[in-house]
Amino acid sequence: QVQLVESGGGLVQAGGSLRLSCAASGRTFSNYAMGWFRQAPGKEREFVAGISWSGVGKYYGDSVRGRFTISRDNTKSTLFLQMNSLKPEDTAVYYCAADSRRPYGPSVPRAIQEYNYWGQGTQVTVSS
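If you're wondering where the values come from, they're calculated on a predicted model, not measured in any experiment.

### Overview of the packing of aromatic side chains
Move 1: A complete count under the given rule lists seven aromatic pairs for this structure.
Move 2: Relative to Y59, the ring of F47 has its centre 6.2 Å away and its plane inclined at 40 degrees; by these criteria the two rings are tilted. Placement of F47 in strand β5 (residues 46-51) and of Y59 in strand β6 (residues 58-60) is noted, with a sequence separation of 12 residues between them.
Move 3: Using a relative accessible area of 14% as the deciding quantity, one classes F47 as buried.
Move 4: An aromatic cluster is present here, built from F37, F47, Y59, Y115 and W118 joined pairwise through their rings.
Move 5: Lying across the ring of W118, R45 places its NZ or CZ 5.0 Å from the centre.

### Some details on the pattern of salt bridges
Move 1: Applying the stated criterion to the full structure yields six salt bridges.
Move 2: A salt bridge links R102 to D99; its shortest N-O distance comes to 2.9 Å.
Move 3: Take R102: its relative accessible area is 38%, and that puts it in the partly exposed class.
Move 4: Look at the salt bridges and you will find they share partners, linking R38, E46, R67 and D90 into a network.

### A few points about the pairing of strand β7 (residues 68-73)
Move 1: Judged by which residues are buried, β7 turns out to be one-sided: F68, I70 and R72 face inward and are buried, whereas T69, S71 and D73, on the alternate face, are not.
Move 2: Two strands pair when backbone bridges link them, and β7 and strand β8 (residues 78-83) are joined in this way by six bridges, in the antiparallel orientation. From the neighbouring strand, S71 faces β8, where its bridge partner is F80.
Move 3: Linking β7 to β8, which pair antiparallel, is a turn of four residues; within it S77 sits at a positive phi near 50 degrees.

About the criteria used
- For every chain, the first residue of the written sequence is number 1, and numbering continues from 1 onward in sequence order.
- Residues qualify for local features only when their pLDDT is at least 70, as the model is predicted, and side-chain atom pairs are given and counted only at 80 or more; totals for whole chains, interfaces and linings, by contrast, use all residues.
- Computation of side-chain values: all heavy atoms of the structure, hydrogens and water removed.
- Only the six-membered ring of Trp is used, alongside the rings of Phe and Tyr, when aromatic pairs are assigned; centres must lie within 6.5 Å, and planes under 30 degrees apart are stacked while those over 60 apart are edge-to-face, with the rest tilted.
- Each helix is a run of DSSP H or I of at least 4 residues and each strand a run of E of at least 2, with the numbering of both proceeding from the N terminus.
- Using a 1.4 Å probe on the protein chains alone, a residue whose accessible area is under 20% of its type maximum counts as buried, one over 50% counts as exposed, and one in between counts as partly exposed.
- The rule is short: NZ of Lys or CZ of Arg within 6 Å of the ring centre and within 35 degrees of the ring normal puts a charge over the ring.
- Salt bridge, as applied in this entry: a Lys or Arg side-chain nitrogen positioned within 4 Å of an Asp or Glu carboxyl oxygen.
- For two strands to be treated as a pair, DSSP must find no fewer than two bridges joining them.

Spelled out as C-alpha cells, the structure:
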C-alpha cells in the first residue's frame, strides 16, 4: 500500500507561483516513478508531469513545459511540483500518483492507467 497526501494548493494571481508537495508513505518511495495530474471542472484528468524513480528522467505535458518543474526528495519520500507563470487555465484539482507496480522502471509513465495509487488532490485556483 502507498498513501499519498498533497499540499500546497491555494489561490494565486495570474503570473504567480505555487509549490505543491506530495508526501508518500508505505512502500519504498525511492523505488518507483511518480507523477502529477490535474482535473478542471467538466474536463478529463490530464497528465502534468512525471519523474522516474531516480529523479533523472522527467517528462512534462505540453501545456506546462517550461513553466512547471517536477522534482523529488527520496530521503524525505516527497514529490514536488514547482509552478511558475501560472495562468487561469491552470486552475484545477492537482493529484499526485505513484506507479508502484514497476519498481526501477526505465521510463516515465504518462497515462492514467499506468499509475496505481492516487492522492486526494489539492485545489489550485489562478485568478486573472
